[in-house]
Number of protein chains: 2
Amino acid sequence: MAAHRERSRCPIAYCLDVLGDRWTLLILRDLAFKGRRYFRDFLGASEGISTKILTDRLQRLERGGLAVKAPDPTDRRRAKYFLTDDGLDLLPVLIEMIIWGTHRHLDPELSAERLARVSGDRAGTIRRYREEHIAEREIALQEVS
Amino acid sequence: MAAHRERSRCPIAYCLDVLGDRWTLLILRDLAFKGRRYFRDFLGASEGISTKILTDRLQRLERGGLAVKAPDPTDRRRAKYFLTDDGLDLLPVLIEMIIWGTHRHLDPELSAERLARVSGDRAGTIRRYREEHIAEREIALQEVS
DNA sequence: CAATTTAACTTGCAAAAGGAAAGTGACAAG
DNA sequence: CTTGTCACTTTCCTTTTGCAAGTTAAATTG
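On a predicted model such as this, the values are computed, not experimentally measured, just so you know.

Visitor: Would you take a moment to explain the pattern of salt bridges for this structure?
Guide: Pairs can form between side chains of opposite charge whenever their charged atoms are close. Considering all chains together, one arrives at 28 salt bridges over all chains under this definition. Residue Asp-21 of chain B is joined to Arg-57 of chain B by a salt bridge in which the shortest nitrogen-to-oxygen separation is 2.7 Å. Of this pair, Asp-21 of chain B sits in the loop between helix H1 (11-19) and helix H2 (22-33) while Arg-57 of chain B sits in helix H4 (residues 51-63), placing them 36 residues apart in sequence. Each member of the pair Asp-21 of chain B and Arg-57 of chain B is classed as buried. Residues participating in the shared-partner salt-bridge network are Asp-21, Asp-56, Arg-57 and Arg-60 of chain A.

Structure below.
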């Protein structure tokens, strides 16, 4: 996709080199908010990604420095995936998408409380998810060394 | 794309029904930040969208209630496109993408001032773009009546 | 220990989406 | 009226995705 078009100077276009496809964003969501870590966890998401696309997108995220893989010391066939610090810098984008999607789609009555909580304290929400992710990541990476 | 998969309950997944492709996001950028209004304006963006994809995406945005078309009273062959209020609700997402893209890609020295300005006052930036867009849209829609 | 299962991919084929360029119909200009 | 412009539309080819089966290495079972 990066080879698709000459890269323009606009930051959104650059951002889209990484994010301009649905599957990548869903994987980021799973990593950031759903605690999915193993390959098979992502397969379990309800959107039904194929193994081929999942493999491709995880590799892209790794190569692009947005995700990292910590081999599982208890089972060498598998590894846990985590967002890097650069990957975590996308949390604000993802949070705004949640807010927009919630506001537009779900029953306003049911979502009012949740929406108010997240949008009322974006920075707090982001910081919480970030810190939890980093803590889990560091532990997983240490177990490998 | 909406028919692609059973729609999940996750707001991000719903958001991606609208936003899960690169071209749509680039068009939203053009509408929101670059003042592009006419069909040919979007063709002029450096990413080089084809007329087929542009037509398709503009129609999707209209059908989805995110964009509206005001016929040009001076030339019946063309119309001006604008974001609706729902479309403008995506500004926070786009702004966060700009911030992320700027931070990650461009020379930090050159972008430090711009980045600081936008991220330092997200709400102010969003409000400014929103109000300008609405003002221009209302004028264009009135000229039609 | 061998057989079976599991986990993460990989492959093959069909369908869908996108790219490039030419074509079409309606409107505008001279 | 002829020619040019504008917004699409069509055609053909390439790329990506969807679906399902296949492969390899590691783990588990008996």
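Visitor: Just to check I follow, could you spell out the nonpolar core for this structure?
Guide: For soluble globular proteins, nonpolar side chains are generally found buried alongside one another. In this structure, Leu-19 and Met-97 of chain A together with Leu-19 and Met-97 of chain B are the most contacted members of the largest nonpolar core, which totals 74 residues. Once you skip the residues sitting within four places of it in the chain, Met-97 of chain A turns out to touch Leu-25 of chain A together with Pro-11, Ile-12, Cys-15, Leu-16, Leu-19 and Val-93 of chain B.

Visitor: Looking at this structure, how should I read the interface of chain B and chain A?
Guide: The interface is formed by 46 residues belonging to chain B together with 46 residues belonging to chain A. When chain B packs against chain A, the two sides together hide about 4,100 Å² of surface, and 68% of this comes from carbon and sulfur. When residues of chain B are sorted by the area they lose upon contact with chain A, Ile-12, Arg-22 and Trp-100 of chain B head the list and together hold 19% of the total. Inspection of the chain B/chain A interface yields 2 salt bridges. When the shortest N-O distance is used, the salt bridge between Asp-86 of chain B and Arg-104 of chain A registers 2.7 Å. At the boundary of chain B with chain A, the tally comes to 6 residue pairs in polar contact (both at pLDDT 80 or more).

Visitor: Explain the environment of Glu-136 of chain B to me, please; I cannot follow it from the model alone.
Guide: Residue and element names in this part refer to chain B. Relative to the helices and strands, Glu-136 is located in helix H8 (residues 122-144). A sequence separation of 54 residues divides Glu-136 from Phe-82, and the C-alpha atoms of the two residues are 8.5 Å apart. With residues near it in sequence (within four places) discarded, Glu-136 still touches Arg-37, Lys-80 and Phe-82.

Visitor: Looking at this model, I keep getting lost on the relation of the copies chain B and chain A. Mind explaining?
Guide: The pair of chain copies shares a relation made of a rotation about an axis and a shift along it. For the pair chain B and chain A, the superposition axis carries a translation of 0.0 Å, the fit reaches an RMSD of 0.0 Å, and the rotation angle comes to 180°. Taken together, the rotation angle and the small translation identify this as a two-fold axis.

Visitor: Got a minute to help me understand the packing of aromatic side chains in this structure?
Guide: By convention here, two paired aromatic rings are described through the distance between centres and the angle between planes. Under the defined criterion, the tally for this structure stands at 4 aromatic pairs over all chains. Aromatic pair Phe-33 of chain A and Tyr-129 of chain A: ring centres 4.8 Å apart, planes at 80°, arrangement edge-to-face. Note that Phe-33 of chain A is positioned in helix H2 (residues 22-33) and Tyr-129 of chain A in helix H8 (residues 122-144), a separation of 96 residues in sequence. On the basis of relative accessibility, which here comes to 18%, the residue Phe-33 of chain A falls in the buried class. Seen from the ring of Tyr-38 of chain A, Arg-78 of chain A lies directly overhead, with NZ or CZ sitting 4.0 Å from the centre. We note Arg-128 of chain B situated over the ring of Tyr-129 of chain B; from NZ or CZ to the ring centre the distance is 5.9 Å.

Visitor: Can you walk me through the state of the cysteines in this structure?
Guide: As used here, a disulfide is simply a covalent bond connecting the sulfur atoms of two cysteines. Residues and elements named next belong to chain B. Summed over all chains, the structure comprises 0 disulfides over all chains. Not engaged in a disulfide, the cysteine Cys-10 finds its nearest cysteine sulfur in Cys-15; these two sulfurs lie 9.3 Å apart. Overall, the relative accessible area of 12% leaves Cys-10 in the buried class. Given the relative accessible area of 0%, Cys-15 is considered buried.

Cut-offs and rules
Residues numbered from 1 in each chain as written. Chains lettered and ligands numbered in written order. Predicted model: local features only at pLDDT ≥ 70, side-chain atom pairs only at ≥ 80, totals over all residues. Heavy atoms only, no water. Salt bridge = Lys/Arg side-chain N within 4 Å of Asp/Glu carboxyl O. Helix = DSSP H or I, 4+ residues; strand = E, 2+ residues; numbered from the N terminus. Buried < 20%, exposed > 50% of the residue type's maximum accessible area, 1.4 Å probe, protein only. Core = buried A, V, L, I, M, F, W, Y, C linked by side-chain atoms within 4.5 Å. Contact = heavy atoms within 4.5 Å. Buried area = accessible area lost by both parts, 1.4 Å probe. Polar contact = N/O pair within 3.5 Å; in protein donor to acceptor, adjacent residues only side chain to side chain. Least-squares fit on C-alpha atoms with pLDDT ≥ 70 in both. Phe/Tyr/Trp six-rings, centres within 6.5 Å; stacked < 30°, edge-to-face > 60°. Lys NZ or Arg CZ within 6 Å of the ring centre and 35° of its normal. Disulfide = S-S within 2.5 Å.

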